[in-house]
Amino acid sequence: MLCSTNHPRFGDKQNSPFFEEYVYRLLEERDRSGLTDMIGGIEALMISVEPGNSVEYITELALMTPYQYLVTLDSEKHLTHVLRIDMNSPDILLREVKQPEHNDIFRSLNDLYPVGARRPHSRYLGEILLSTDRHQVVALQQQREFRFFPIGQLSELDLPLNVSISKPSPYTQNVIGYMERPVDGIRVYHHGTCVILPTAQAANDRGKEMQERLGIKDLILPIDHLATRVYSQNREAAILEYLALSSYYYWGSYDIKDQNSSTNVTKNVRGTPESNSPAKVFTANNHPYCVNHLDQLPSPTETFVRNFGPRLHHMAVDVKDGQTNGKENIDVVVDAITAQGKGFLLDTIGSREEGLKQIFSSASDYSSLIIEYVQRFGDFEGFFAKDNVAQLTFAAGMDEGVRSQVE
């Protein structure tokens, strides 16, 4: 039986006594129930974009990540493009709604927020996790009061019918899905008609040709972590909820006082590389916005949430350690992509002495998601240096969407 409670703790963030009691009790009970053994890593990430935006987003992802277009699932209400690296890393299911007036629960979540409502169909939906017995997992989770879409609602929402999907979280507004496949089997999604769209294939080929021409194809590695921003009061609940629904454990939290926020990390209990099952990071303000007028502290994280809603903020992509022509590989990648017109929010920060270098791209015009590049040096195992993450948080706070006036 896997043990989720014997991992070292990192970070300097002080959690509440409530959290420290329940994180241990939750993980211990999850192990004992068999859920930890039945739930595996992340199989797929679900992203939705506006009508007409998926093809250009495929080009962007093909240039900026290792993902390749595989196939399109053509269903009644959506085109769902399957992007894949290999069977060791999660797929991306890129959903494009066919009709702009389409309305469902995911659009309603966007409509609640002033900036999110500007792109009503663009949002990160959540992760699909591998399971050895999804029906048993769902039954156990329902006993724990987690709620799932019945099969009729899954059909109405136009989602794969071989995936059991939770209702959106009240803390992150993301969903969690469970699917099965043999250990050496291929991922298959029971959804729509499989077609190869010439426009999607051409979009992929444009991005990959640019990668090859720029000499960065072999430098960009799979996704390292996924970072969700939540309201300050929901930080601990969001972490506990994800631990209950997954086979992840609590790695630790860092207090980023300069930006009035904390960064909180969970990782797969099996110790698999992040390239196989990315870490899940939760960022939250230290204090809620309603008292911030008293201290006048920076508040980029809570401002983002108030504008967009709780949601995924960025996907971090690993960069191969080493140098090319005397430059760190991350700088080679960023310079090459910048030359193609993609913006970044700041210069690369960090150093070999600090253990890693990092940078945020500007938010995508198609998904609103930021791409972070991370290059770790040598045997550095962390996700950030505290000075780095403070600068990244500040830069993200200066992004146009975050600075917009809260209505």
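Keep in mind that this is a model prediction, so the values were computed, not measured. (Residues numbered from 1 in each chain as written. Predicted model: local features only at pLDDT ≥ 70, side-chain atom pairs only at ≥ 80, totals over all residues. Heavy atoms only, no water.)

## Regarding helix α10 (residues 300-308)
Then, in step 1: Among the 9 residues that make up α10, 7 are buried, leaving the element largely enclosed by the rest of the structure.
Then, in step 2: Positive backbone phi, at 95°, marks G309, one or two positions downstream of α10. (Buried < 20%, exposed > 50% of the residue type's maximum accessible area, 1.4 Å probe, protein only. Helix = DSSP H or I, 4+ residues; strand = E, 2+ residues; numbered from the N terminus.)

## Side note on unusual backbone geometry
Then, in step 1: At D158, a position not held by glycine, the phi torsion is positive, near 65°.
Then, in step 2: Locating D158 in the fold gives a position in the loop between α6 (151-157) and β7 (164-165).
Then, in step 3: By relative accessible area, which is 8% here, D158 ends up buried.
Then, in step 4: Residue N260 is not a glycine yet carries a positive backbone phi of 55°.
Then, in step 5: Note that N260 resides in the loop between β11 (248-256) and β12 (261-268).

## Describing the pairing of strand β2 (residues 39-49)
Then, in step 1: With respect to burial, β2 is a largely interior element, 11 of its 11 residues being buried.
Then, in step 2: As paired strands, β2 and strand β6 (residues 123-131) are joined by 7 bridges and run antiparallel to one another. Residue pairing in the sheet places L45 in a bridge with E127 of β6. (Pairing = 2+ DSSP bridges.)

## Structural notes on the sheet that holds β11
Then, in step 1: Spatial strand order, β1-β11-β12-β13-β10-β14-β19-β18-β17: 9 strands in an open sheet with mixed pairing. Pairing within the sheet leaves two strands with one partner each, and these edge strands are β1 (10-11) and β17 (349-351).
Then, in step 2: Where β17 meets strand β18 (residues 356-360), 3 bridges bridge the pair, whose relative direction is antiparallel. Each bridged residue has a counterpart across the sheet, and for S351 the counterpart in β18 is L356.

## Considerations on helix α8 (residues 235-245)
Then, in step 1: Burial analysis of α8 places 10 of its 11 residues in the buried class, which makes it a mostly covered element.
Then, in step 2: All of the buried residues in α8 are R235, E236, A238, I239, L240, E241, Y242, L243, A244 and L245.

## A few points about the packing of helix α1 (residues 17-33) against α8
Then, in step 1: As a packed pair, α1 and α8 sit with axes 10 Å apart at the nearest point and diverge in direction by 5°. As the angle between them shows, α1 and α8 are arranged roughly parallel. When α1 is examined against α8, the residues F18, F19, Y22, V23, L26, L27 and R30 are found in contact with a partner set consisting of E236, I239, L240, L243 and A244.
Then, in step 2: Looking at side-chain class alone, the contact of α1 with α8 contains 10 nonpolar, no polar and 2 charged residues. (Axes fitted to C-alpha atoms, helices over the stretch in contact; angles between N-to-C directions. Parallel < 35°, antiparallel > 145°, perpendicular 65-115°, else oblique. Contact = heavy atoms within 4.5 Å. Nonpolar A, V, L, I, M, F, W, Y, C, P; charged D, E, K, R; others polar.)

## Here we look at the pairing of β6
Then, in step 1: With 8 of 9 residues buried, β6 lies mostly within the body of the structure.
Then, in step 2: Examined bridge by bridge, β6 and strand β8 (residues 175-179) share 5 bridges and lie parallel to one another. Bridged to I128 within β8 is G177.

## Structural notes on the packing of aromatic side chains
Then, in step 1: Counted according to the given criterion, the structure contains 10 aromatic pairs.
Then, in step 2: Each ring, one from F18 and one from Y22, has its centre 4.8 Å from the other, and the planes form 35°; the classification is tilted. Remark: Y22 and F18 occur in helix α1; sequence separation between them is 4 residues, near one turn of the helix.
Then, in step 3: When its relative accessible area of 46% is taken as the criterion, F18 is described as partly exposed.
Then, in step 4: A relative accessible area of 34% means that Y22 is categorised as partly exposed.
Then, in step 5: Summarising the aromatic geometry, the rings of Y57 and Y366 are spaced 6.3 Å apart at their centres and angled 50° between planes, so their arrangement reads as tilted. Remark: Y366 occurs in the loop between β18 and β19 (370-376) and Y57 occurs in helix α3 (residues 54-64); sequence separation between them is 309 residues.
Then, in step 6: A residue is classified by how much of its surface remains accessible, and Y57, at 1% relative accessible area, is buried.
Then, in step 7: Taken together through their ring pairs, the aromatic side chains of F10, W251 and Y254 make up a single cluster.
Then, in step 8: Sitting above the plane of the F304 ring, R229 keeps its charged end 5.7 Å from the centroid. (Phe/Tyr/Trp six-rings, centres within 6.5 Å; stacked < 30°, edge-to-face > 60°. Lys NZ or Arg CZ within 6 Å of the ring centre and 35° of its normal.)

## Regarding the pattern of salt bridges
Then, in step 1: Overall, the coordinates contain 24 salt bridges when judged by the stated rule.
Then, in step 2: Note that K342 and E60 form a salt bridge whose closest N and O atoms lie 3.8 Å from each other. Placement of K342 in the loop between α11 (329-338) and β17 and of E60 in helix α3 is noted, with a sequence separation of 282 residues between them. One exposure class covers both K342 and E60, and it is buried.
Then, in step 3: With its nearest N and O atoms 3.5 Å apart, the salt bridge here joins K267 to E274.
Then, in step 4: On the basis of relative accessibility, which here comes to 16%, the residue K267 falls in the buried class.
Then, in step 5: Given the relative accessible area of 16%, E274 is considered buried.
Then, in step 6: Among the ionic contacts, a cluster of salt bridges with common partners joins E43, R84, D91, R181 and R187. (Salt bridge = Lys/Arg side-chain N within 4 Å of Asp/Glu carboxyl O.)

## Describing the nonpolar core
Burial of nonpolar side chains together is a common tendency in soluble globular proteins.
Then, in step 1: Residues I47, Y178, M315 and Y373 are the most contacted members of the largest nonpolar core, which totals 69 residues.
Then, in step 2: L73, I128, I165 and M179 belong to the second largest nonpolar core, which has 18 residues in total. (Core = buried A, V, L, I, M, F, W, Y, C linked by side-chain atoms within 4.5 Å.)

## Some points on the packing of α3 against helix α7 (residues 198-214)
Then, in step 1: For the pair α3 and α7, interaxial distance at closest approach is 7 Å and the crossing angle is 25°. Classified by the angle their axes make, α3 and α7 are roughly parallel. Crossing of α3 over α7 shows right-handed handedness. Facing α3, whose interface residues are V55, E56, I58, T59, A62, L63 and M64, α7 presents T199, A200, A203, N204, R206, G207, K208, M210, Q211 and L214.
Then, in step 2: Classifying every residue of the contact of α3 with α7 by side-chain character gives 9 nonpolar, 5 polar and 3 charged. (Left-handed = near helix turned anticlockwise from the far one by under 90°.)

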